[in-house]
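# Structure at a glance
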Amino acid sequence: MRIADMLGRSKPTISFEFMAPRDESEVEVLERTVATLAGHAPDWVSVTYRVRTGEKTLELVTRIKRHYHIEAMAHLTCANSADRTRQILNWMEREGVANVLALRGDPPISGEPFTPVDPQLTHGSDLVSLVRRSGYRFGIGAACSAEKHPESPDVEHEFRYMKLKVEAGADFLITQLFFDNRFYFNLVSRARAAGIGVPIVPGLMPVPSRRSLGVMTAMSGATVPAELQSAIDNAADDDAVRALGVQHCIAQCAELIEARVPGLHFYTFNRARAPIEILAALRGQQLLAS
Ligand code: FAD
């Protein structure tokens, strides 16, 4: 089923992002997390893509669809030539994948500039356009930033290219993580004023640890509100940081649900505990159906 159709329903969808395993050591935790979170009735899930582990993404997506009967979206990036990209898309279509998240992708070495493999695929919008123009039937998602992308000179630049992705054929957008809902609300009102009508799903990360927070804010450009940062700085240990992250994310989700967002998309980093605690709290507050 197309994810954009689910996002048009009256209740927000719940979705989880899993990271495709980089090596065998990550497989067991991932399998356990997928099995656990599948029991929490997500409407859909997605699986990240890296060029070296691309086959694992496709394997996991098809297995989740078949084994758990959950709609699973494959991420795909501009890490391949246009020809190779079409081969991957053909394979996905044969295997019954219904949705693709079309991204530029992170540079293979963190901090280095992204170097395109194929001049036809230099930005997320190019991949959206390739998928749409080649006549595939996939539902297409694309990424956007509620705050400034680290490579963008300003928010205007970011907004222009987000619009381009929708014009190229994206059916829905998922935001990069953010910790202050005002960035998301501003983005949605600007988008609607500019005639962008597609669902914009907030991407949420419960802070897992101080270290991960540092890495993720550097990569995403997300800022941490002063109050949350100071609570994290004063936390006794990583358990206390994790608990703060869960509480902050519950408050973010509660406000987003009240604002009638199309969905809540959780960056799980292949850990089930935080999303489970957040969903339990939201169900306990009757903000989500049990
Ligand atoms: P782009 O849209 O290409 O944007 C990158 C930069 O280029 C931005 O500064 C943008 O403003 C600018 N830009 C865009 N179009 C143009 C243009 N035509 N001309 C000039 N400048 C332009 N990474 C992975 O490697 N694998 C994954 O599976 C993955 N999953 C993700 C899932 C989500 C929901 C999100 C939000 C991100 C994910 N990422 C993943 C990270 C993502 O690839 C990076 O954030 C990347 O830096 C941006 O991807 P994009 O598709 O938004 O790129």
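Residues numbered from 1 in each chain as written. Predicted model: local features only at pLDDT ≥ 70, side-chain atom pairs only at ≥ 80, totals over all residues. Heavy atoms only, no water.

A tally of regular secondary structure across the protein gives 11 helices and nine strands. Relative to the 2.2 N^0.38 estimate, which gives 19 Å for 290 residues, the radius of gyration of the protein is 18 Å and therefore close to what a compact globule would have. Principal-axis analysis of the C-alpha atoms gives the protein an extent of 50 × 45 × 40 Å. The buried share among the 290 residues of the protein stands at 51%. Contacts spanning at least 24 positions in sequence make up 78% of the contacts within the protein whose residues lie at least 6 apart. For the protein, the accessible area works out to roughly 13,600 Å², and carbon and sulfur atoms hold 51% of it. (Helix = DSSP H or I, 4+ residues; strand = E, 2+ residues; numbered from the N terminus. Rg over C-alpha atoms; globule rule 2.2 N^0.38 Å. Buried < 20%, exposed > 50% of the residue type's maximum accessible area, 1.4 Å probe, protein only. Contact = heavy atoms within 4.5 Å. Areas by Shrake-Rupley, 256 points an atom, 1.4 Å probe, with all protein chains shown as cover.)

Before going further, it helps to spend a moment on the side chain of asparagine 99. Its place among the elements puts asparagine 99 in strand 4 (residues 99-102). Among the polar contacts listed, one links the side chain of asparagine 99 to the backbone oxygen of methionine 1, at a separation of 2.8 Å. Discounting chain neighbours no more than four positions away, the residues touching asparagine 99 are Met1, Arg2, Ile3, Glu71, Met73, Ala74, Phe138 and Gly139. (Polar contact = N/O pair within 3.5 Å; in protein donor to acceptor, adjacent residues only side chain to side chain.)

Okay, the site of the ligand next. Lining the immediate surroundings of the ligand are 23 residues, of which Tyr49, Arg104, His149, Ser152 and Lys165 lie closest. Backbone polar atom of aspartate 106 to an oxygen atom of the ligand: 2.9 Å apart, as the coordinates give it. Within the contact set of the ligand, an oxygen atom lies 2.8 Å away from a side-chain nitrogen or oxygen of serine 152. Considering the ligand on its own, with 960 Å² of exposed area, one finds that the protein chains cover 88% of that surface. At four residues, the largest contribution of residues to the shell around the ligand is made by helix 6 (residues 155-168). Across the shell around the ligand, the residue classes tally to seven nonpolar, 10 polar and six charged. (Near = heavy atom within 4 Å. Nonpolar A, V, L, I, M, F, W, Y, C, P; charged D, E, K, R; others polar.)

Residue pairs spaced three or four apart in an α-helix point in one direction, given the helix's 3.6 residues per turn. For helix 7 (residues 181-193), which comprises 13 residues, the first-to-last C-alpha distance of 18 Å matches the rise-based estimate of 18 Å (1.5 Å per residue) to within 8%. Every buried residue of helix 7 is accounted for by Asn181, Tyr184, Leu187, Val188 and Ala191. On an axial view of helix 7, the arc spanned by its buried residues comes to 125 degrees, and they lie on one face. Pointing more than 90 degrees away from the buried face of helix 7 are the exposed residues Arg182 and Ala193. At the C-terminal side of helix 7, glycine 195 shows a positive phi close to 85 degrees. (Expected span 1.5 Å × (residues − 1). Arc of directions from axis to C-beta.)

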